[in-house]
Each structure stands twice: as structure tokens, then as C-alpha cells.
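Residue strings, one per chain:
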Protein chains: 2
Amino acid sequence: MLVVGGGFAGVACAKNLSKYGVEVHLVDRNNYHQFQPLLYQVATAQLGVPDIARPLRDMFTKHTQVRITTADVASVDIDARTITTADGVTLGGDILVLAAGARANFFDTPGAEEHAYPLYCLDDAERLRSRLLGIIDSVDRDAKYLDQGALNFVIVGAGATGVETAGALSELIHDVLPHFYPDLPVHLANVIVVDHGPHVLNGFSDKSQAFTRKELEKVGVEFRFGTGVKEIHPDKVALSDGSEIITRTVVWAGGLQAAGVIGAAGLPQGRGGRIDVEPDLSVTGYPDVYVLGDAANIIDQHGNPLPQLGSVAQQAGTWAAQNIRANIAGHPTTPFTYHDKGIMAMVGRNAAVAELGPDRHELTGPLAFAAWLGVHASLLSGTRQKLGALLTWSTDYVSKKRPTALVDHPDDYRIDWDAED
Amino acid sequence: MLVVGGGFAGVACAKNLSKYGVEVHLVDRNNYHQFQPLLYQVATAQLGVPDIARPLRDMFTKHTQVRITTADVASVDIDARTITTADGVTLGGDILVLAAGARANFFDTPGAEEHAYPLYCLDDAERLRSRLLGIIDSVDRDAKYLDQGALNFVIVGAGATGVETAGALSELIHDVLPHFYPDLPVHLANVIVVDHGPHVLNGFSDKSQAFTRKELEKVGVEFRFGTGVKEIHPDKVALSDGSEIITRTVVWAGGLQAAGVIGAAGLPQGRGGRIDVEPDLSVTGYPDVYVLGDAANIIDQHGNPLPQLGSVAQQAGTWAAQNIRANIAGHPTTPFTYHDKGIMAMVGRNAAVAELGPDRHELTGPLAFAAWLGVHASLLSGTRQKLGALLTWSTDYVSKKRPTALVDHPDDYRIDWDAED
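Everything numeric here is computed off the predicted structure, so don't read it as measured data.

## Some remarks on the overall build of chain A
Then step 1. A count of helices and strands for chain A gives 13 helices and 26 strands.
Then step 2. For a compact globule of 421 residues, the expected C-alpha radius of gyration is about 22 Å, and chain A comes in at 22 Å, within 12% of that figure.
Then step 3. In terms of principal-axis extent, the alpha carbons of chain A reach across some 70 × 45 × 40 Å.
Then step 4. Sorting the 421 residues of chain A into buried and exposed places 54% on the buried side.
Then step 5. When contacts within chain A are restricted to residue pairs at least 6 apart in sequence, long-range pairs at least 24 apart make up 66% of them.

## What about the relation of the copies chain B and chain A?
Then step 1. For the pair chain B and chain A, the superposition axis carries a translation of 0.0 Å, the fit reaches an RMSD of 0.0 Å, and the rotation angle comes to 180°. Expressed as a symmetry operation, the mapping of one chain copy onto the other fits a two-fold axis. Across chain B, the rotation axis passes nearest the C-alpha of Gly388 of chain B, at a separation of 3.3 Å.
Then step 2. Same-surface contact between copies: 100% of interface residues of chain B are shared with the interface of chain A.

## Let's talk about the pairing of strand E14 (residues 221-225) of chain B
Residue and element names in this part refer to chain B.
Then step 1. Judged from the 5 bridges that link them, strand E13 (residues 190-195) and E14 form a sheet pairing that is parallel. Looking across to E14, one finds that Val191 is bridged to Val221.
Then step 2. Following the chain from E13 across helix H8 (residues 206-218) to the adjacent parallel E14, one finds a crossover that is right-handed.

## Comments concerning unusual backbone geometry
A negative phi holds for most residues other than glycine; trans holds for most peptide bonds.
Then step 1. Backbone geometry places Phe107 of chain A, a non-glycine residue, at a positive phi of 50°.
Then step 2. With respect to the secondary-structure elements, Phe107 of chain A resides in the loop between strand E10 (102-104) and helix H5 (112-115).
Then step 3. In the Ramachandran plot, Leu281 of chain B falls in the positive-phi region, its phi being about 80° despite a non-glycine side chain.
Then step 4. Structurally, Leu281 of chain B can be placed in the loop between strand E20 (275-276) and strand E21 (282-283).

## A word on the packing of helix H1 (residues 8-19) of chain B against helix H10 (residues 310-329) of chain B
Describing two packed helices takes the angle between their axes plus the distance from one axis to the other.
Residue and element names in this part refer to chain B.
Then step 1. Remark: H1 packs on H10, axes separated minimally by 7 Å, with the N-to-C direction vectors making an angle of 35°. Crossing handedness for the pair H1 and H10: right-handed. Between H1 and H10, the contacting residues are Phe8, Ala9, Gly10, Val11, Ala12, Cys13, Asn16 and Leu17 on the first element and Gly310, Ala313, Gln314, Ala316, Gly317, Thr318, Ala320, Ala321, Gln322 and Ile324 on the second.
Then step 2. When the residues that make up the contact of H1 with H10 are grouped by side-chain class, the tally is 11 nonpolar, 7 polar and no charged.

## A short note on the interface of chain B and chain A
Then step 1. Of the residues lining the interface, 37 residues belong to chain B; the matching set on chain A comes to 37 residues.
Then step 2. Mapped by element, the contributors of at least two residues to the side of chain B that touches chain A are helix H3 (49-52), strand E4 (53-55), helix H4 (56-59), strand E5 (66-70), helix H6 (122-141), helix H7 (160-180) and helix H12 (383-399) of chain B.
Then step 3. Its residues placed into classes, the side of chain B that touches chain A shows 14 nonpolar, 15 polar and 8 charged.

## Here's the deal with the sheet that holds strand E9 (residues 96-98) of chain B
Residues and elements named next belong to chain B.
Then step 1. Spatially, 6 strands are ordered E5-E2-E1-E9-E22-E21 in an open sheet, and the strand pairing comes out mixed. Bordering the open sheet on either side are E5 and E21, each of which pairs with just one other strand.
Then step 2. The pairing of strand E2 (residues 24-28) with E5 spans 5 bridges and is parallel. Bridge assignment links Val27 to a residue of E5, and that residue is Thr69.

## Focus on the nonpolar core
Then step 1. Counting 274 residues, the largest nonpolar core has Val97, Leu98 and Leu292 of chain A together with Val97, Leu98 and Leu292 of chain B as its most contacted members.
Then step 2. Non-local contacts of Leu292 of chain B, meaning those with residues more than four positions away in its chain, are made with Ala9, Cys13, Val97, Ala99, Leu281, Ala313, Ala316, Gly317 and Ala320 of chain B.

## Considerations on the environment of Ala143 of chain B
Then step 1. With respect to the element layout, Ala143 of chain B can be found in the loop between H6 and strand E12 (152-156).
Then step 2. Residues Ala143 of chain B and Gly285 of chain B, 142 residues apart in the sequence, show an inter-C-alpha distance of 61 Å.

## Things to note about the environment of Ala352 of chain B
All names here are of chain B.
Then step 1. With respect to the helices and strands, Ala352 occurs in strand E25 (residues 351-356).
Then step 2. For the pair formed by Ala352 and Arg81, sequence separation is 271 residues and the distance between their alpha carbons is 44 Å.
Then step 3. Once you skip the residues sitting within four places of it in the chain, Ala352 turns out to touch Met344, Ala345, Met346, Val347, Ala368, Phe369 and Trp372.

## Notes on H12 of chain B
Then step 1. The terminal C-alpha atoms of H12 of chain B, which comprises 17 residues, lie 24 Å apart, in line with the 24 Å expected from a rise of 1.5 Å per residue.
Then step 2. Every buried residue of H12 of chain B is listed here: Arg384, Gln385, Gly388, Ala389, Leu391, Thr392, Thr395 and Asp396 of chain B. Around the axis of H12 of chain B, the buried residues are gathered within 165° of arc, so they sit on the same side.
Then step 3. Among the structural elements, helix H12 (383-399) of chain A together with H3, E4 and helix H11 (366-379) of chain B are those in contact with the buried residues of H12 of chain B.
Then step 4. Immediately downstream of H12 of chain B, the backbone of Lys400 of chain B shows phi near 55°, a positive value.

## Quick notes on the domain arrangement of chain A
Then step 1. Domain boundaries in chain A define domain 1 (2-29 + 71-103 + 256-329) and domain 2 (112-254 + 342-399).
Then step 2. The gap between the C-alpha centroids of domain 1 of chain A and domain 2 of chain A is 30 Å.

## Details of the sheet that holds strand E24 (residues 342-348) of chain B
Residue and element names in this part refer to chain B.
Then step 1. On the basis of which strands lie adjacent, the open sheet formed by 3 strands has the order E24-E25-E26 and antiparallel pairing. Only two strands of the sheet have a single neighbouring strand rather than two, namely E24 and strand E26 (361-365). Direction aside, the axes of adjacent strands within the sheet are offset by 5° on average.
Then step 2. Looking at chain direction, E25 and E26 are connected through 5 bridges and run antiparallel. Looking across to E26, one finds that Ala352 is bridged to Gly365.

## Section: the packing of H12 of chain A against H12 of chain B
Then step 1. Orientation of H12 of chain A relative to H12 of chain B, taken along the N-to-C sense of each, is 170°, at an axis distance of 10 Å. As summarised for this structure, H12 of chain A and H12 of chain B are arranged roughly antiparallel, according to the angle between their axes. Residues Thr383, Arg384, Leu387, Gly388, Leu391, Thr392 and Thr395 of chain A of H12 of chain A form the contact with H12 of chain B, whose participating residues are Thr383, Arg384, Leu387, Gly388, Leu391, Thr392 and Thr395 of chain B.
Then step 2. A breakdown of the residues in the contact of H12 of chain A with H12 of chain B according to their chemical character gives 4 nonpolar, 8 polar and 2 charged.

## Some words on helix H11 (residues 366-379) of chain A
Residues and elements named next belong to chain A.
Then step 1. Across its 14 residues, H11 extends 20 Å between first and last C-alpha, which sits within 8% of the 20 Å expected from 1.5 Å per residue.
Then step 2. Within H11, the full set of buried residues consists of Ala368, Phe369, Trp372 and His376. When H11 is viewed along its axis, its buried side chains cluster within an angular range of 105° and face the same direction. Seen from the buried face of H11, the exposed residues on the opposite side, beyond 90 degrees, are Pro366, Leu367, Gly374 and Ser378.

## With respect to the confidence of the model for chain A
Any region with low pLDDT has predicted coordinates that should not be read closely.
Then step 1. Residues at a pLDDT of 70 or more form 100% of chain A, whose mean pLDDT is 94.
Then step 2. Reported confidences for the modelled complex are a pTM of 0.95 and an ipTM of 0.93.

## Re the pairing of strand E15 (residues 229-232) of chain B
Successive side chains on a regular strand alternate, one facing one side of the sheet and the next facing the other.
Residues and elements named next belong to chain B.
Then step 1. Bridge analysis of E15 against strand E16 (residues 236-239) gives 3 bridges, and the strand direction is antiparallel. Residue Glu231 lies in a different strand from E16, and its bridge partner there is Ala238.
Then step 2. Between E15 and E16, which follow one another and run antiparallel, lie 3 residues.

## Observations regarding the environment of Glu215 of chain B
Residue and element names in this part refer to chain B.
Then step 1. Secondary-structure assignment places Glu215 in helix H8.
Then step 2. With 22 C-beta atoms counted inside 10 Å, the residue Glu215 sits in the buried group.
Then step 3. Sequence separation between Glu215 and Gly167 is 48 residues, and the spatial gap between their C-alpha atoms is 8.7 Å.
Then step 4. When sequence neighbours within four positions are dropped, the list of residues in contact with Glu215 reads Val347, Gly348 and Ala351.

Rules of the game
- Residues numbered from 1 in each chain as written.
- Chains lettered and ligands numbered in written order.
- Predicted model: local features only at pLDDT ≥ 70, side-chain atom pairs only at ≥ 80, totals over all residues.
- Helix = DSSP H or I, 4+ residues; strand = E, 2+ residues; numbered from the N terminus.
- Rg over C-alpha atoms; globule rule 2.2 N^0.38 Å.
- Buried ≥ 20, exposed ≤ 12 C-beta atoms within 10 Å, placed from the backbone.
- Contact = placed C-beta atoms within 7 Å.
- Least-squares fit on C-alpha atoms with pLDDT ≥ 70 in both.
- Pairing = 2+ DSSP bridges.
- Right-handed = clockwise from strand over helix to strand, strands pointing away.
- Axes fitted to C-alpha atoms, helices over the stretch in contact; angles between N-to-C directions.
- Left-handed = near helix turned anticlockwise from the far one by under 90°.
- Nonpolar A, V, L, I, M, F, W, Y, C, P; charged D, E, K, R; others polar.
- Core = buried A, V, L, I, M, F, W, Y, C linked by C-beta atoms within 7 Å.
- Expected span 1.5 Å × (residues − 1).
- Arc of directions from axis to C-beta.
- Domains from an automatic or database assignment.
- Parallel < 35°, antiparallel > 145°, perpendicular 65-115°, else oblique.
- pLDDT = per-residue confidence, 0-100.

This is the structure:
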């Protein structure tokens, strides 16, 4: 049994299988599980890395049936049910579970790959944090960079990641930077969210959308709806409506596609390059190959694609494990049913939106903020991580400072202000 | 007033000066202060990075007289009292304080620069952590690497850093790895400390030395005294007694020299390339230039050089600030007196040595362990850091796991097992 990917889906699958005595080999490029819904908080120095990362071996100490390997997967051979790692080792299993996640989908936007900051893995978050601190340090050192768009921050995509990043960035700029940089002209900063759709938080209720937009506009976030990004340059962004924004920081929260190695495996791909799966989460024609998590295009019983959420990944992981046990026992598999616990997004200090349960009980404001904190702290894996996150959040909230604003990617910190195309 | 270096000395100096209304410009290559005495704990995953690092701006929010710049210093012009940063900016002040720390002194040992792991800054610690995890993952994957010395860990230097690293590494190997790697033959691991002197912890009492050696030998640490390191190869270490140790991990805890930029400033240099200073901590012939911390060769009133300790650096920083205020006021400066609070070293689980106060009141064992924890937690800068360290330590201690064992330097994690000279 080979599981590729130690995210929500892979971990849930491996845990369930090992609980029932199935030997599992879990492979991930990192030696840790990362809590992806909070990456934007690492990027904006609301949380530290150890608050949201946990060594995979730490998660599986009680699951002795699980063997863990840290390796980059270079290729997948679906027919042989094997993978080959970057250092040339081939691993396989009777059953193959592909849960290697996704990567940013730049939709072939020129310049995006080179200049935009995606926000999908821990390294992305650390890079963006160093970039933001580098930009801010530069302006603090020399105000001339203001004319080069230093304090214009463009976020592509008004979904949960885009909205949460915009809120956290505004809070950083207006609540925190005045403590750290007393002379910085924060009133000149602009956080601009660009989306080709007509509103924030697609999939949320009208009320949640209106609340989110109002709260974010209150803290200075500007929205450009109905507009796509045509091209990203080192010193500006060209929009589809013909306008340009001078900026040195473009955060890409504009969608995902299946991770390269899974996308290249030759399987049928749906929306965003995701792999089409059968209702039981196996791949059409390959009952021994399962695709889970952000890499999978899962259609629910009403014919709608399930969103790329941690809770979908986690439940699919457990469900796939049950089906795999059915495979092994020679029993029929069952179609995946997603138990919808609701959706949430953090908007800013004391403000969040939550729609709880399948009937979408709506909460907004401080109550949703508290619910958001509680749910996320409890979902974090590991005691050190839960308590660490609560500790860091408390410090942030009370002191309005950022104890984790550490520059650890010097290349991103250094801004090449002369860069043009 | 220009202060170069945001370590113990530079921070203490800047804080004192600003308290008395002196404008200070503080320059450091990092945007954070690092608590160097605990770097070995980050390297062995006993603490996480945010536990021991604190943004400099976070430390100076109440000191509005202090301006902070993050920049690499490329050169120092003593006569002009200026520095030039790597990006070509020249900064200066009426008075120049050089507290830029040190770097490993490899004593021209061939191969040390290329293959040894120093432990002087946070990046060193993260690199070593990734290296250790890379080595261990390799052996877990394929036992053949045992024959290539994978589980031989060589530490050069039996001073505090060497001893503390050896103790932490032994604890990692024997108490933690069996949880994370149930099949790893930890009984085959060797932690070998090499020192050209005759005993551990030079400067500590005979009793502390004997206790430390006995405790470390109890957990399997091996000592090679009276032996220097002749050459470091990618796959082995050659010692001066003609023997060789096959190993892929050499930790360099063998001494420091003044940081390159200060060492190259053309000032008189004493032991380890450190800059000779007058009793008032200024440089001979340059009453407007102070050298502090690990970069300074400070001789006490008895003619003995003071050790390179955080407490010496901190006190020298405050003292230099007083002398600088005297300079400004036209008063005479006073010779630095070090108030000796004692010395401590962590040896392992429940074991430490402490010699408190100038009369060296000796403690060993669990009491010293408790004292060590209390002192280090209280010395850490910042509430988040103090509480975070206590939280991580508790988790380590109770669970015998390592929630911060994260690989973040893939280049160090990947071991080139075919590398030879």
C-alpha cells in the first residue's frame, strides 16, 4: 500500500488503514505535515512555522504499520502502480493512493510563474513573508520606493485564500507596522484584490459575502471585480480591463491545478487539471489507484464538484481507506459521501464569516471570529502546535505585534528595484 | 551613533543609549535577534526557531530613538567611522560600535570550511538539523549507509557548545529516535567529541567536569582528548593522532574568530582574531570606536581574557553605552568591570552543571537542570519566546518526541553518499 502525499487526505487514509492492520508506505517531499488553511497567517507573521507544521513521524508514532519516506516524487507509473523518486528509487504497492496535492494554476498568465507569490506550501508562505518584510524595510529606508508601487499589494483571487490574505495583510499594515516602523506612511498602502468574478467568497451566502466585502473595505482593501490579470511584470500588473497597477508584490490566490507529477501521469483530467475519479474515489479503469485531496476532481451525488478544502480531503482519505479495505477483503466499494460541516473564512480582527453545517447556519463578526479560532486550534495536529498557535495568536492579538516576523529567505527579502522586463 | 550587530552586546548598548535620549542606528544582517546559547537546541529539534528568535523591531518598539536597518555590512572604515553595506550604502556616526559577533575559527583545518557544520547562527542550526534528519532518514531507508559512518557524529571541541550538542544529540538518538524510527539500530550510533585539551568544559570546576564527562559517557558519548583534527573529508575525519573516523556529520564547536568584516578592519587583533580593546572597551587610538561582544578581546582587571559569553556581551554593551554617554558629555570613561553571575551547561535529561556567582557555588544534576531551565527561559527576549520555549521544552520532556524536527534546508538534507575528495 503506497500513499503519496502527507496532507490531510494522505494522513487520514494512512491512519485509517494502519488502524485496521494494513501496512502503509507514506511518501512526502517534506518530512512534515503542513496545515494549509493557515499558510496565509505564516506569510503575514500571525503564526510561526512550528505552529502549523508537524513532523509526519511525530503523527505516526503509534501507527507502527506506517512506514514513512521523505522524497520528491519524479514520476508515476499508473499501470505498474509505482512511483520513482528524484533520487531514482522505485516504490510500489498493490494499491496506489495519490494525494500529492496541487500547485498554483497560473492559467498561462505571462510573468506569473516568475513574479507572483503563490501560497500553497510552507515554503511559499515563508518566501512571501520575507518578501513583504523586504518591501517594507526598503520603503522605511528610502521613501522613493513609494513611487515604484512598494506599498501596493495585489492579490489575485477573491476566494477564501485571497480574502484571508487581504484581511491579514491589512491588519499587518494598519495595526502592526505603526509599532515597528513609526515613520512608515501606512496611509499610502493599498491592498488590491483582483477577481474576474463579481464578488468575494464564491460559494458563501450573500450575507457572508456582503459582510466580508464591507469589513475589508472598512480597513482599506480595494476590489477590482470582473477583471482578470493579463500579465505580471516585475514592477507592475496589467489587468484585462486595460489598466495597470504598479506593484512589487503579487500574491497568487487564483486557483489550483493537480501537482505536476500527478497531472503528468496520463489520467483523465477535469477542471483545473484535477484527476477525474469514480464515486468511490478510484480512477476510472484503475480500481487499485485512488486519487484524493486537492488533486482529485470529486463530483458529489448532486453532480457538483466538491471544493478543494481540508475537510473534503480528510473525509475522502478516510473513505478511500475504507474502500481499500473493501478491495482487500474482496467486498464492493461504496461511493464517497461528503459530510458537510460548513465553511468559514477569517476576515480580520474580530471579524470572520462562518456557515455551519449542511444547512449553512450563518455567523458573522466576533462570534464567527471566536468560532473560527476554536475550530482551527482544534483541527491543528499535535499538542505543541495547538498550544503554540494559541500562544502566538494571543501575543498577536494583545500586543498587536508580530513575534514571528522573521526574514528567513534572503533572496526574497532583497528587492531588485531596478528590475524591469 | 551607529551600532553594528543586534546580538546581546549591540541590543544592550542600543537600549541603554536610547533610554538616555541618544539617537542610535542599529544595523544587523538579520531582522531578528537570536539567542545564541540555545542554537544547539534548534539544531537537535529541542526548540523551534520562533522560540529563540525575536524581530529586532519587536524589541525596540518602545525605544523610538533607535532606528533599525537590516543589511549585510561589506566593509568598515575605522578612520571615517563608517560602514558600507553590501548594497553600497554608506552609514556612519559620531561614534561607532562594532558588535557584529564572530564566526567559526577553523584554524586553517583543510576541509573544515567545506564539510564541517558550525553552530554560531540560526541558519547554521537549521542547516545542521536538516543534515541530521537527512542522515537518519537515509539509514532508516537503507542500512548500507551504516558502513559509511552514517551514525557516527563527530563534534570538534569539548567546551560548552560541544558538550551541550553532544548531550542533546545523544538524547535525540536514544530517547527520541526509537519513537520516530522503530527499526533504526540506534545502539550502533556513536557521538564522538574530539578536543586537543585534556578535559571537557575548560574553565569549569573539576567536579563539574567530572560530572559532565561521567553523565555523557553514561549515554554513550565517546571522548578523544589530546587530539586535534587534521583534515575533514566529505566521508571521514583525520585526527592528529593518525586515526580516522568515518562520518558524514562533523559539528564544529572548536572556537570563534571575529566576524570577517570586523577582522578585516585593520584593528589590532588578539587571540582568535578578536579585536584588542582598552579597559573602557574602546579601540586603542580610536576613542570613538567601541568593539563589543564575541568580536572583542576584553582583558579583565586580573589580566585574564573574558570568555565569549552572552552575559559578558550584554554587560559590555551596557557599559559601553555608559562610556559613550560620558564621551558625549565630555566626561572621562571608566574601565569595564564584569559582574560574574556564573556559568552553566546543559548535559542531558535531568542533568546540568551550574557554578553560580563569582564564588562559583556548584550545582550538578536535576537541581542544576532546573536552574538552567529557569535562567534560560527568563533570559530569552520576549513573552512569546519565553512561553514558546517552555511549551516546546515541556512537550519534548513529557512526550520524548520532537515537534520541531522539521527539514527546511533541502540541500543539507540530501546527502551525497558518493562524495569523496
